[in-house]
There are 2 protein chains.
Amino acid sequence: MNKRPWTIGVDIGGSKIEIAHVDQLGAIQLKKAWPVAKHGDPYPIIETLVENIEKSLIGKSESPLGVGIGIAGQVDTNTGIVHFAPNLAWKSFPLGEELKKALNMPVVITNDVRAATWGEWQFGSAVDCNDFVCLFIGTGIGGGVVSGGRLLLGSNNGAGELGHLIVAKDGPICSCGNKGCVEAFAGGWALAAHAKKALAQNAEARVLWEALGPLSAKTVIQQFKHGDPIAKKIIEEAREALIAAAITIVHAFNPQRFILGGGLFHGLPEIKDWMHFGIKKNALPALAEKVEVLSSRLGLEAGVIGAATFAMKVLKKG
Amino acid sequence: MNKRPWTIGVDIGGSKIEIAHVDQLGAIQLKKAWPVAKHGDPYPIIETLVENIEKSLIGKSESPLGVGIGIAGQVDTNTGIVHFAPNLAWKSFPLGEELKKALNMPVVITNDVRAATWGEWQFGSAVDCNDFVCLFIGTGIGGGVVSGGRLLLGSNNGAGELGHLIVAKDGPICSCGNKGCVEAFAGGWALAAHAKKALAQNAEARVLWEALGPLSAKTVIQQFKHGDPIAKKIIEEAREALIAAAITIVHAFNPQRFILGGGLFHGLPEIKDWMHFGIKKNALPALAEKVEVLSSRLGLEAGVIGAATFAMKVLKKG
């Protein structure tokens, strides 16, 4: 593979870090992932990251063009500063500069969902599409929007916070402090929190659920598939919230494609049909008519592929 | 004025049509408005429009470059076809072609709120701003979005349907058939409908309100200002819905300016402060920090000025 220009893609998530060698056609050669814990001090995490990148380069005859990082949070690509990464509790950290020093190669930092959106655009479900929205449903919910052939950034690089569209102004409290964001119904953390709350009031069900191990979004989905009534109610609320958010998104951006990804989505792929039928049935007909709802083609690799190939684009320009 | 190139701007609203002569600096010379009723047959309406335009041209030494029309509904600027104008009950009508024939001059058709957004961008509250959202609150609620220096169109010219962002998935039914769109709380028709419903259950209040004349959004606002408890409740619900929509808009687009206009807004300018404080208090801090909430500088003339100057841009290019 390394005859083609290549970069290293890094996806820094809330629970794990993933690296991959990715060529300019989006093909992955080597991949490695390890867990990460929330920790206000970024240095130990970076040390492990640098070690793993250096190890991955041993024996390579050709050097990568650089490193592309996608990280959940508010990021400035121009300066490489991570303004706020809530999952890791990092604030105003010069990630780009620190990694560049440690690795002695160019580093490009972007937001993780924006990186994944870029990946889908170049090599995934949005190839040749100029108007699409990606919605990544995982522990949190994030989005990326391409409109008129351009990735929307917004006035300070924060466009596409689609997990925090308010779908029920009197709904449950979200991690952001608002009431009724779609994430507060359908993000992984919310599924687990709603189950915990329901089980606190139902000793019988609690015994059943406790036998399944630690409570998580996965447990809720598993129980939903087994027909458990508590899980059913939680997922039905999540479904309605996701449909409302989908309609809001269609009305705001009028996309041609609506692309779904993220760990929770891949665990509950029924979401695709729910959103498809919800949009077709209830969005404004002129806008709903032509929307296609699709799964992310790159799946859980969208993050690393997107981070790597976005970096390649930036570095080739420079 | 007519030494500068000029066009005729037309704003076709749900209850009136307005025309104006507008020069390339956005200055209005002549203005005329007349009422219009919902009517599936567009021809009588167009006849009156043509007559009024021709009358306005009598004695003019220099001809306009053409006519720019802004109309509420789904419109295709390239073909001049009005796909759907709900307020007038027009469907698939070739407005551009018909007017061009009748007037013997170029005609450019666009959506009314997009025209007004263009007007604010060129001559109003959004001059020199590359990332802003206009929200026009009238009988209905519409929006226009400029992101990264470009007016968002979406995949089939329908981006910015901001009246139909869902803020309460179990809320009141909207004109579009969904539940809980912001328009179903805060559009002029909704204020009147909520008041009608509340008064049906309250004979005493009904007598009081009936003395004020026919029930409309204006009556509700007037009663709100007089401290009437029914009006207060309706406006408070509208305020909460508008704040939720504002937060959703900030999270979706990350605008630098948030510009408010429309008849209902100009009758209840407190909305500006409500939205300002709602965004600052509850939107994600990194996005809320720099947003400025402003009134439309062109006010109720944004529509004709925008339609006229948008046409000028298109015609000068052609």
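Participant: Break down the interface of chain A and chain B for me, citing the residues and quoting the values.
Facilitator: Across the boundary between the two partners, chain A contributes 41 residues, which contact 42 residues of chain B. Of all the secondary structure elements, the ones that give two or more residues to the side of chain A that touches chain B are β6 (81-85), α8 (229-253) and α11 (285-288) of chain A. Of the residues forming the side of chain A that touches chain B, the biggest block, 8 residues, is contributed by α8 of chain A.

Participant: Give a description of the sheet that holds strand β10 (residues 141-147) of chain B that names residues and reports values.
Facilitator: Residues and elements named next belong to chain B. Read across the open sheet, the 5 strands follow the order β11-β10-β9-β12-β13; overall the sheet is mixed. Two strands in the sheet have a free side with no partner beyond their single neighbour: β11 (150-151) and β13 (292-295). Sheet analysis places β10 next to β11, joined by 2 bridges and oriented antiparallel. The residue of β11 that forms the bridge with Ser147 is Arg150. In this fold helix α10 (residues 270-282) packs onto β9 (132-137), β12 (257-261) and β13, with an angle of close to 170° to the strand it touches most, β13.

Participant: Outline the packing of helix α3 (residues 112-123) of chain A against helix α12 (residues 302-317) of chain A, supporting the account with residue identities and numerical values.
Facilitator: All names here are of chain A. Relative orientation of the contacting elements α3 and α12 amounts to 85°, with a least axis distance of 7 Å. When the axis of α3 is compared with that of α12, the two are roughly perpendicular. Across the interface between the two elements, Asp112, Ala115, Ala116, Thr117, Trp118, Gly119, Glu120, Gln122 and Phe123 of α3 pack against Ala302, Gly303, Ile305, Gly306, Ala307, Thr309 and Phe310 of α12.

Participant: Which residues make up the relation of the copies chain A and chain B, and what values do they have?
Facilitator: Rotating chain A by 180° about the axis while translating it 0.0 Å along that axis superimposes it on chain B, leaving an RMSD of 0.0 Å. Classification of the inter-copy transformation places it as that of a two-fold axis. With an isologous cut-off of 70% or more, the 100% of interface residues of chain A that recur at the interface of chain B puts this contact in the isologous class.

Participant: Which residues make up unusual backbone geometry, and what values do they have?
Facilitator: All names here are of chain B. Positive phi is not limited to glycine here, since Asn157 has a value of about 65°. Note that Asn157 resides in the loop between β11 and α4 (183-186). If you check the backbone angles, Asn254 has positive phi at about 50° while not being a glycine. Secondary-structure assignment places Asn254 in the loop between α8 (229-253) and β12.

Participant: Lay out the pairing of β10 of chain B with the relevant residues and their values.
Facilitator: Residues and elements named next belong to chain B. Here β10 lies mainly inside the structure; 7 of its 7 residues are buried. Side chains of β10 alternate between two faces, with Ile141, Gly143, Val145 and Ser147 and Gly142, Gly144 and Val146 buried alike. Remark: 3 residues form the turn of the hairpin made by β9 and β10, two consecutive strands paired antiparallel. Here β10 folds back onto β11 in antiparallel fashion, the turn holding 2 residues, of which Gly148 has a positive phi close to 60°.

Participant: Account for the pairing of strand β9 (residues 132-137) of chain A, with residues named and values stated.
Facilitator: Along a regular strand, successive side chains alternate from one face of the sheet to the other. All names here are of chain A. Most of β9 is tucked away, with 6 of its 6 residues classed as buried. Neither face of β9 is exposed, since Phe132, Cys134 and Phe136 on one face and Val133, Leu135 and Ile137 on the opposite face are all buried. The pairing of β9 with strand β10 (residues 141-147) spans 6 bridges and is antiparallel. Bridging from a neighbouring strand, Ile137 pairs with Ile141 of β10. Pairing of β9 with strand β12 (residues 257-261), which is carried by 5 bridges, proceeds in the parallel orientation. Of the residues in β12, the one forming a bridge with Cys134 is Ile259.

Participant: Give a detailed account of the domain arrangement of chain A, specifying residues and quantitative values.
Facilitator: Residue and element names in this part refer to chain A. Considered domain by domain, chain A is made up of domain 1 (6-118 + 300-317) and domain 2 (129-296). Look at where the C-alpha atoms of domain 1 and domain 2 centre, and you get two points 26 Å apart. Looking at the side of domain 1 that touches domain 2, the elements with two or more residues in it are β5 (74-76) and α3. For the side of domain 1 that touches domain 2, the residue count by class is 6 nonpolar, 3 polar and 2 charged.

Reading the values: the criteria
- Residues numbered from 1 in each chain as written.
- Chains lettered and ligands numbered in written order.
- Predicted model: local features only at pLDDT ≥ 70, side-chain atom pairs only at ≥ 80, totals over all residues.
- Contact = placed C-beta atoms within 7 Å.
- Helix = DSSP H or I, 4+ residues; strand = E, 2+ residues; numbered from the N terminus.
- Pairing = 2+ DSSP bridges.
- Axes fitted to C-alpha atoms, helices over the stretch in contact; angles between N-to-C directions.
- Parallel < 35°, antiparallel > 145°, perpendicular 65-115°, else oblique.
- Least-squares fit on C-alpha atoms with pLDDT ≥ 70 in both.
- Buried ≥ 20, exposed ≤ 12 C-beta atoms within 10 Å, placed from the backbone.
- Domains from an automatic or database assignment.
- Nonpolar A, V, L, I, M, F, W, Y, C, P; charged D, E, K, R; others polar.

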